[in-house]
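Analysis of the macromolecular model
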Amino acid sequence: MSSYFEINELKAEIEGKPILNGLSLTVAKGETHALMGPNGSGKSTLANVIMGHPAYEVTGGEILFEGENILELDPEERARKGLFLAFQYPVAVPGVTVASFLKHAHDAVYGEKKLKAAEFLKQLRADMDFVGVDQTFLNRYLNDGFSGGEKKRMEILQMLTLRPRMAVMDETDSGLDIDALKVVSMGVNKLVGAEFGLLVITHYERILRYIHPDHLHVLIDGKVAFSGGPELVKRLEEEGYDWVRNEFGKEALMA
Amino acid sequence: MEDKLGTDSALIQEEYQYGFVTQVDEDRIPKGLNEETIRLISAKKGEPEWMTEWRLKAFRWWQKKSEPRWALLNYPEIDYQDICYYSAPKKMTDRFKNEDGEIDPEVRKTFERLGIPIDEQHRMEGVAVDAVFDSVSVATTHREMLKDMGIIFCSISEAIRDYPDLVRKYLGTVVPQTDNYFASLNSAVFTDGSFVFVPKGVRCPVELSTYFRINSQDTGQFERTLIIAEEGAYVSYLEGCTAPMRDTNQLHAAVVELIALDDAQIKYATIQNWYAGDAEGKGGIYNFVTKRGHCRGKRSKISWTQVEAGAAITWKYPSCILQGDHSVGEFYSVAVTNDRMQADTGTKMIHIGNHTRSTIVSKGISAGHSANTYRGLVQVLPDAVGCRNYSACDSMLVGATCTANTVPYIQAENSTAIIEHEATTSKISEDQLFYLRSRGIDEESAISLVVNGFCKEVFKQLPMEFAVEATKLLELKLEGSIG
Ligand SMILES: Nc1ncnc2c1ncn2[C@@H]1O[C@H](COP(=O)(O)OP(=O)(O)OP(=O)(O)O)[C@@H](O)[C@H]1O
Ligand SMILES: [Mg+2]
């Protein structure tokens, strides 16, 4: 099968400090993958590098999306190709309303002529209802003073608005209450399908009850130490990462 | 990866779309400044003797003084003898003698090109416009409607001729001829400007707006604006300004006086987009302006809102003298500098009356090799009880070669005063830009969104259509290739 989204031997550092140490991972079209790993193992770094954060320096490897190496592209170009990152810590942009931001983003990805403002707003309102974001948020400043859960819903709302073809969700489940988790998962599942790839970064098994991964990877010290089927989530939750370290760690650290 | 924002000036480049020159026959007086020049200007304007004397008093004081140099501004000495102090399109000079005098078609075209309608037929909905071209006012719209309400909106020259008592009563009572170097120069040679009088109890139903255009070369523009709101009156006023691109510097020294009596309110907004010089700092307008509002009456209120986006040098501190008890002064400012621009701007809030309140919100954005200074004074006099001030001064740096300074002076001489001052200086946030870019928004638009967001609090103070203009202006200023 031709690869849809493929990371090969990716190495990246920040401020001269190596974080990703030859990471490889492939997501086929239509698949959902889960990525777990201890704090500081490099999950968010990977997410940021996938999206092209300028603070990270890629020192080796490649990221292919539909066969094209995207590492040379600006973040905005990656977004326009259909990549999306739901941030672990979305930043606030004071003075920029949610409505105006989403319109800018939508127009940037799909072109201004694609949807009339009224149609856009209609669709947006429906999406807001779906992920449980109150309409009053349209006039609030982006993520400014939002609660943790509200920020996460806002990320999913953006994802529904931009309808990416390959998304990375960085701990979108963290800090969500049970109801919010369900709502957010339903939102994501609207996109999940044959034309969509998904990488879910998480610490918890519970989101994987709603978003069903086909594969699971464990990241340790900037490398995928172990990959397997979804059934391994339970074991990870019960036994922690020491088990992976003991079993696969030596090998993983040898490189 | 190298921080893109660190690669300085190439990131931000403005394009100045108002830089064209209009070809008109000019009535110009020779360069130079002496008592004769002043008498000549006064004569050209057909002014009464008292006005000529008033000017001369200013000139005599000015001659004894030297230019203030305390601001964080760097510019060569100005040769005041090398400036022409009066220039007008020839066809205009007789206008005030003849009621149906024609407007020079070239001048009309200029304002059309600038998007400023000066005909009654094409006037803007809800906005009355006065347009000043070099030294003279060329048109004022909506006159009749305003007249019916007792509101006077005309050029200062006309006011001196038609309403001498009002002018005499108020002119120079807020900014005296001997106030400061540039104000006194203006008092000596001012050529035109706007006059507004809103009588007791009247709420002016439209925005009043003046548009200043410098066209002529080597000419100074010295406009004088006087706005009076009587008891309970309300008026909102906006001024805009542009000039052609020229590689020599031109001097602009304006004076604006606002007077608010009991329960009156004056809102004064400026969108300043004088030519700023080129990327190397050649040319551009020197903008030395004295603007002061006097809350003379109880519960009166004066708000200054300024968007300072142009000029090579800006020296400007719109101030409020809060004399009436419970009067309110506000200052909302966005100052954006780029390339080699220098701005030293801020405000003064002088609390004289009891329970007077003031608010200062200043947003400075510096890019390129520019320097941007906020300078503000909050003063509470010893016997002013229960006064409050809130100041928030934020600076944003775009790039690594620009500078921002905040110079707040606080003199609270009465112990009941409550003064809050906040100041921040930050680089434009890489994480904010990345967040927006990760949603498909290109870097330039992301910068403009973040910066406009940063300025929102100030833009909200502007009348709707001007807020849109200000947003666009800022976008234009921040447009350019990315290094
Ligand atoms: N901007 C930065 N400057 C310095 N170090 C950084 C920076 N960003 C990340 N790091 C370091 O890189 C390492 C990996 O961080 P990363 O955020 O990728 O971990 P993570 O796997 O997402 O952890 P968590 O589960 O806590 O979210 C950490 O040691 C972190 O301190
Ligand atoms: Mg993380």
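Summarised in this report is the structure supplied together with it. (Residues numbered from 1 in each chain as written. Chains lettered and ligands numbered in written order. Predicted model: local features only at pLDDT ≥ 70, side-chain atom pairs only at ≥ 80, totals over all residues. Heavy atoms only, no water.)

A word on the overall build of chain B. The helix and strand inventory of chain B stands at ten helices and 23 strands. Counting all 483 residues of chain B, 63% fall into the buried class. Pairs at least 24 residues apart make up 83% of the contacts formed inside chain B by residues separated by at least 6 positions. (Helix = DSSP H or I, 4+ residues; strand = E, 2+ residues; numbered from the N terminus. Buried < 20%, exposed > 50% of the residue type's maximum accessible area, 1.4 Å probe, protein only. Contact = heavy atoms within 4.5 Å.)

This paragraph deals with the overall build of chain A. Across its full length, chain A carries eight helices and twelve strands. For chain A, the C-alpha atoms occupy an extent of roughly 55 × 40 × 35 Å along the three principal directions. Per-residue burial for chain A yields a buried fraction of 55% across its 255 residues. A sequence separation of at least 24 residues applies to 69% of the contacts in chain A between residues at least 6 apart.

With that settled, consider the coordination of the magnesium ion (ligand 2). All names here are of chain A. The coordination sphere of the magnesium ion (ligand 2) contains the protein donors Ser 44 (OG) and Gln 88 (OE1), at a distance range of 2.0 to 2.1 Å. Placement of Ser 44 in helix H1 (residues 43-51) and of Gln 88 in the loop between strand E6 (83-86) and strand E7 (93-97) is noted, with a sequence separation of 44 residues between them. Take Gln 88: its relative accessible area is 15%, and that puts it in the buried class. (Donors = N, O, S within 2.8 Å, 3.2 Å for Na, K, Ca; no water.)

Right, let's get into the pattern of salt bridges. All names here are of chain A. Per the stated rule, a full pass over the model turns up 31 salt bridges over all chains. We note a salt bridge from Glu 119 to Lys 116, for which the minimum N-O separation is 4.0 Å. Residue classification places Glu 119 among the partly exposed positions, given a relative accessible area of 42%. For Lys 116, a relative accessible area of 59% puts it in the exposed group. (Salt bridge = Lys/Arg side-chain N within 4 Å of Asp/Glu carboxyl O.)

Below, the discussion takes up the site of ligand 1. Residue and element names in this part refer to chain A. Close to ligand 1 lie 16 residues; Gly 40, Lys 43, Ser 44, Thr 45 and His 203 are nearest. In this structure, Thr 45 approaches ligand 1 through a side-chain N or O atom, which is 2.6 Å from an oxygen atom. Between Tyr 56 and ligand 1, the recorded distance is 3.4 Å, taken from a side-chain N or O atom to a nitrogen atom. Contributing elements (two or more residues each) for the shell around ligand 1: strand E2 (17-27) and H1. In terms of residues, the shell around ligand 1 owes the most to one element, H1, which gives three residues. When its residues are assigned to classes, the shell around ligand 1 shows four nonpolar, eight polar and four charged. (Near = heavy atom within 4 Å. Polar contact = N/O pair within 3.5 Å; in protein donor to acceptor, adjacent residues only side chain to side chain. Nonpolar A, V, L, I, M, F, W, Y, C, P; charged D, E, K, R; others polar.)

This part takes up the interface of chain A and chain B. Between chain A and chain B, the residue contacts involve 37 residues of the former and 21 residues of the latter. Here chain A meets chain B over a buried area of about 2300 Å², counting both sides, of which 62% is carbon and sulfur. Along the contact surface separating chain A from chain B lie three salt bridges. The partner of Arg 439 of chain B in a salt bridge is Glu 155 of chain A, and the shortest N-O contact between them spans 2.6 Å. Taken together, the links from chain A to chain B amount to twelve residue pairs in polar contact (both at pLDDT 80 or more). Of all elements in the fold, only H1, strand E4 (56-65), helix H2 (75-80), E6, E7, helix H3 (98-110), strand E8 (141-142) and helix H5 (148-162) of chain A reach the threshold of two or more residues within the side of chain A that touches chain B. Top contributing element to the side of chain A that touches chain B by residue count: H3 of chain A, with six residues. A breakdown of the residues in the side of chain A that touches chain B according to their chemical character gives 23 nonpolar, nine polar and five charged. (Buried area = accessible area lost by both parts, 1.4 Å probe.)

Here the focus is unusual backbone geometry. Within the chain, Glu 9 of chain A stands out as a residue other than glycine whose phi angle is a positive 45 degrees. Mapping Glu 9 of chain A onto the fold places it in strand E1 (residues 5-14). Among the residues examined, Glu 9 of chain A registers a relative accessible area of 47% and is labelled partly exposed. You will see that His 355 of chain B, though not glycine, has its phi angle at about 55 degrees, which is positive. With respect to the element layout, His 355 of chain B can be found in the loop between strand E18 (342-351) and strand E19 (357-366).

Let us look at the pairing of E1 of chain A. All names here are of chain A. Two elements, E1 and E4, share eight bridges in a ladder whose sense is antiparallel. Among the inter-strand pairings, Ile 7 is bridged to a residue of E4, identified as Ile 63. Examined bridge by bridge, E1 and E2 share eight bridges and lie antiparallel to one another. Residue Lys 11 lies in a different strand from E2, and its bridge partner there is Asn 21. (Pairing = 2+ DSSP bridges.)

Our focus in this paragraph is the sheet that holds strand E11 (residues 215-220) of chain A. Residues and elements named next belong to chain A. Taken in spatial order, the six strands make up an open sheet running E6-E9-E10-E3-E11-E12, and their pairing is mixed. For this open sheet the edge positions go to E6 and strand E12 (223-228), each flanked by a neighbour on one side alone. Taken over all neighbouring pairs, the strand axes of this sheet differ in orientation by 20 degrees on average, direction set aside. In terms of strand pairing, strand E9 (residues 166-170) meets strand E10 (residues 197-201) through five bridges, oriented parallel. By the bridge assignment for E10, Val 168 is matched with Leu 199. The strands touched by helix H7 (residues 232-239) within the sheet are strand E3 (32-36), E11 and E12, with E11 carrying the most contacts at an inclination of about 35 degrees. (Axes fitted to C-alpha atoms, helices over the stretch in contact; angles between N-to-C directions.)

So, on to the sheet that holds strand E5 (residues 68-69) of chain A. Sheet architecture is open: four strands sit in the order E2-E1-E4-E5 (chain A), paired in antiparallel fashion. Looking along the sheet, the strands with just one partner apiece sit at the ends: E2 and E5 of chain A.

Before going further, it helps to examine the side chain of Glu 308 of chain B. Residues and elements named next belong to chain B. Mapping Glu 308 onto the fold places it in strand E14 (residues 301-308). Within polar-contact distance, the side chain of Glu 308 engages the side chain of Gln 272 at 2.7 Å. At 2.3 Å, the side chain of Glu 308 and the side chain of Lys 316 are in polar contact. Those residues in contact with Glu 308, other than ones at most four positions away along the chain, are Thr 270, Gln 272, Asn 287, Thr 314, Lys 316, Val 334, Ala 335 and Val 336.

As a further point, take the packing of helix H4 (residues 117-131) of chain A against H5 of chain A. Residues and elements named next belong to chain A. Packing of H4 against H5 leaves a shortest axis separation of 10 Å and a crossing angle of 140 degrees. If you check the angle between H4 and H5, you find them oblique. Two packed elements cross with a definite hand, and for H4 against H5 that hand is right-handed. Residue-level inspection shows Phe 120, Leu 124, Asp 127, Met 128 and Val 131 of H4 in contact with H5, the latter providing Arg 153, Ile 156, Leu 157, Leu 160 and Thr 161. Residues that form the contact of H4 with H5 fall into these classes: seven nonpolar, one polar and two charged. (Parallel < 35°, antiparallel > 145°, perpendicular 65-115°, else oblique. Left-handed = near helix turned anticlockwise from the far one by under 90°.)

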